[in-house]
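Residue-level structural notes
Here is what each chain is made of, one letter per residue.
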Amino acid sequence: MPDAPRLPLDGLLVVAIEQAVAAPFCTARLADAGARVIKVERPEGDFARGYDDVANGQSSYFVWLNRGKESIALDLSLAEGRAALAALVDEADVLVQNLKPGALERLGFGREELRRAHPRLVVCSISGYGDAGPLAERKAYDLLVQAESGLASITGGPEGPARVGISVVDIATGATAYAAILEALLARAATGEGADIRVSMFDVMADWLSVPLLQHEGGKSPRRVGLAHPSIAPYGVFSTGDGRQMLISIQSDREWAALARVFLGDAALATDPRFATNVARCANRAATDAAVAGAFAALDATAAVERLAEADVAFAFINDMAGLSAHPHLRRITVETPAGPVAMPAPAAEFKGVPRRFGSVPAIGDHGALPKGLEGAPRKGLP
């Protein structure tokens, strides 16, 4: 049987003092790319292990975000636990941590001191609000930052703000940390120097909210419009004559002209001053949506799909999780867990011709106090 292809991060050792979602998302991607990720858990385990019990009696969050890692259980309040962590850090290429700000320093692992002692080490710290500023010491979790950043204020319908239906702040923060670590590793290959990276959940969301913030500061604060777009029309949900809900998106005046001619059956709407431009359509959103709704109501779903495809207009059906579970485009992987295999959506990036292997999900402390191969033996890492 041929050897498995070398993955881009083979040889990289990552020590992850992590819990919950943001940091585990980051290190799961590092593990997928071939890094050896050693997850340091409290003796009782990452608290995300208890979030639910739907994946063969295990937490869906934990199973999703911890494949391919090794787990060691350390009590860092004890000298022996800190000594074991120090031994791991001595061998590490990357240290990822999302402890409360200042906790790592209080344990004797100040980031500046770590970088002086280990110049090639890439340290990535994830926090709620960073290391400075009035909220630096405040605890932060996903929904709290959705609220504090203003994301919830532009999510939902006119009746009130809403939570985004996934842990979007955590996921965005984990993805940001992952990208930053890869940048630092590329720089290290050229300079030999590691990095001290600090990523705050609030900063990540503020960056992602640049468009609505600029709209507000430009005098056009976005409103909650549910499954519609605050600055593009028509872009929303319409019902077919047989009761199917479909969402369409018109991105340009050229697309509007095609929709008017082919789907609405009235080419004159393309030049009507009320509808000719996106700004005009937004100003006359009620009339715009009424024209589109009337065309949908006259067609069943099959005919609507045919007509929209002919017009080359983007559309989608409004699915739920049952729809995703059975969706013909859903790619899956299967990972081993302590309670048996679990199938889940595959990572989005596909590397053609280089199949990925996805490691198993560890039980608490599966790999002892000091994992095999790190008992003082020399280790060859990445450049």
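Residues numbered from 1 in each chain as written. Predicted model: local features only at pLDDT ≥ 70, side-chain atom pairs only at ≥ 80, totals over all residues. Heavy atoms only, no water.

A few points about the sheet that holds strand β9 (residues 235-239)
Whether parallel or antiparallel, the strands of a sheet pair through hydrogen bonds between backbone atoms. Cut-off, in case you're wondering: The pairing criterion is simple: DSSP has to find at least two bridges between the two strands. Helix numbers and strand numbers start at the N terminus; a helix is a DSSP run of H or I with at least 4 residues, a strand a run of E with at least 2. Lines fitted to C-alpha atoms define the axes, with helix axes restricted to the stretch in contact, and inter-axis angles between N-to-C directions lie between 0 and 180 degrees. The contact definition used throughout considers only heavy atoms, calling two residues in contact when any of these lie within 4.5 Å.
Taken in spatial order, the three strands line up as β9-β10-β11 in an open sheet, and their pairing is antiparallel. Only two strands of the sheet have a single neighbouring strand rather than two, namely β9 and β11 (314-317). This sheet shows a mean twist of 25 degrees between the axes of neighbouring strands, independent of strand direction. Looking at chain direction, β9 and strand β10 (residues 245-249) are connected through five bridges and run antiparallel. Opposite Gly 236, over in β10, you have Ile 248 as the bridge partner. Sheet strands in contact with helix α13 (residues 301-311) are β10 and β11, and its direction is about 155 degrees off that of β11.

Things to note about helix α10 (residues 253-263)
Side chains that are three or four residues apart share a direction in an α-helix, a result of its 3.6 residues per turn. Stated precisely, the cut-off is as follows: In this scheme, a residue with accessible area under 20% of its type's maximum is buried, one over 50% is exposed, and one in between is partly exposed, where area comes from a 1.4 Å probe on protein chains only.
Within α10, burial applies to Glu 255, Trp 256, Ala 258, Leu 259, Ala 260, Val 262 and Phe 263. At its buried positions, α10 is contacted by β10, α11 (278-283), α12 (285-297) and α13. Trailing α10 by a residue or two, Gly 265 shows a phi angle of about 70 degrees, which is positive.

A short note on the packing of α10 against α12
Applied cut-off: What sets the label is the angle itself: under 35 degrees gives roughly parallel, over 145 gives roughly antiparallel, 65 to 115 gives roughly perpendicular, and the rest give oblique. Left-handed describes a crossing in which the near helix is turned anticlockwise from the far one by less than a right angle; the clockwise case is right-handed. All residues other than Ala, Val, Leu, Ile, Met, Phe, Trp, Tyr, Cys, Pro, Asp, Glu, Lys and Arg, Gly among them, are scored as polar; the first ten of these are nonpolar and the last four charged.
Contact geometry for α10 and α12: axes closest at 11 Å, N-to-C directions at 40 degrees. By the angle class used here, α10 and α12 are oblique. The chirality of how α10 crosses α12 is left-handed. Facing Trp 256, Leu 259 and Phe 263 of α10, the residues of α12 in contact are Thr 288, Val 292, Ala 295 and Phe 296. Classifying every residue of the contact of α10 with α12 gives six nonpolar, one polar and no charged.

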